[in-house]
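# Summary of the model geometry
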Amino acid sequence: MADEQQLYELIASKREGVLAAVTRGGYPHLTNVWYVWDAEERIARVSTTAVRLKGRILRHNPHAALHVSGPDFWSYAVAQGDAETSEVAATPGDEATRELFQVHSAFSTGLEEDEPFYQQMIEAKRLVVRLRVARVYGLAAARPRGS
């Protein structure tokens, strides 16, 4: 078993995870994502487009979870909470495009917050999903089971 701090450290150490949301039919919708972790606020931020299913689902049902794999199969953290979405990027320099820059610059070196970046976000109808973590659970095994 892992303590809460170990699980938050695992989440903070990664950028890739699986975001789970619940469809109107009650089924889970899972998608691989890159995320940016804000340890102080306990928020995972993900960039997506307004037309992708995860964004549409989360606007109707905010319950979500982020699964983050550890260094081996038996280590993982799950962060649960309610997700909210930003406005869709609409105007260069608006709140949405500035937040999208923060997310995208975490993954791309040399990215500039400029007109071409803003236009790309606006044309793609991008927004930010913010998962506000209320609970974590998981496992941080010292060594793989069966070893």
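The structure this text deals with has already been given above.
The structure reproduced in this document is the subject of the present report. Quick caveat, the model's predicted, so the values are computed rather than measured. (Residues numbered from 1 in each chain as written. Predicted model: local features only at pLDDT ≥ 70, side-chain atom pairs only at ≥ 80, totals over all residues. Heavy atoms only, no water.)

## Comments concerning the nonpolar core
The biggest cluster of nonpolar side chains holds 26 residues, and the ones touching the most others in it are Ile11, Tyr35, Leu66 and Leu131. Elements with a minimum of two residues in this core: α1 (4–13), β1 (16–22), β4 (43–49), α2 (53–60), β5 (63–69), β6 (76–85) and β7 (126–139). With 5 residues, β7 is the single largest residue contributor to this core. In this structure, Tyr35 is in contact with Ile11, Lys14, Arg15, Glu16, Gly17, Ala44, Arg45, Val46, Leu66, Val68 and Phe107, ignoring residues within four places of it in sequence. Counting residues in each nonpolar core, the second largest holds 11 residues, with Val36, Ala96, Ile122 and Val128 among its members. (Core = buried A, V, L, I, M, F, W, Y, C linked by side-chain atoms within 4.5 Å. Buried < 20%, exposed > 50% of the residue type's maximum accessible area, 1.4 Å probe, protein only. Helix = DSSP H or I, 4+ residues; strand = E, 2+ residues; numbered from the N terminus. Contact = heavy atoms within 4.5 Å.)

## Observations regarding the packing of aromatic side chains
Across all of its chains, the model carries 5 aromatic pairs by this definition. A ring pair is formed by Phe73 and Trp74, whose centres lie 4.9 Å apart and whose planes are at 80°; its orientation type is edge-to-face. An angle of 85° between the planes, with centres 5.4 Å apart, marks the rings of Phe101 and Phe117 as edge-to-face. With Phe101 in helix α3 (residues 95–105) and Phe117 in helix α4 (residues 115–123), the pair connects residues that are 16 residues apart, well separated along the chain. One exposure class covers both Phe101 and Phe117, and it is buried. (Phe/Tyr/Trp six-rings, centres within 6.5 Å; stacked < 30°, edge-to-face > 60°.)

## Notes on the sheet that holds β4
Whenever strands of a sheet pair, they do so through backbone hydrogen bonds, lying parallel or antiparallel. The strand order across the open sheet formed by 7 strands is β2-β1-β5-β6-β7-β4-β3, and the pairing between neighbours is antiparallel. Each end of this open sheet is capped by a strand with a single partner; those strands are β2 (28–34) and β3 (36–38). Ignoring which end each strand starts from, the neighbouring axes of this sheet average 30° apart. Pairing of β4 with β7 involves 7 bridges; the strand directions are antiparallel. Along β7, the bridge assignment pairs Arg45 with Arg130. Relative to β7, α3 is tilted by about 55°, and along the sheet it contacts β3, β4 and β7. (Pairing = 2+ DSSP bridges. Axes fitted to C-alpha atoms, helices over the stretch in contact; angles between N-to-C directions.)

## Comments concerning the packing of α3 against α4
Between α3 and α4, the least distance of the axes is 10 Å, while the angle of their chain directions is 105°. If you check the angle between α3 and α4, you find them roughly perpendicular. In this structure, α3 contributes Thr97, Arg98, Leu100, Phe101 and His104 to the contact, and α4 contributes Phe117, Tyr118, Met121 and Ile122. Residues belonging to the contact of α3 with α4 are distributed by class as follows: 6 nonpolar, 2 polar and 1 charged. (Parallel < 35°, antiparallel > 145°, perpendicular 65-115°, else oblique. Nonpolar A, V, L, I, M, F, W, Y, C, P; charged D, E, K, R; others polar.)

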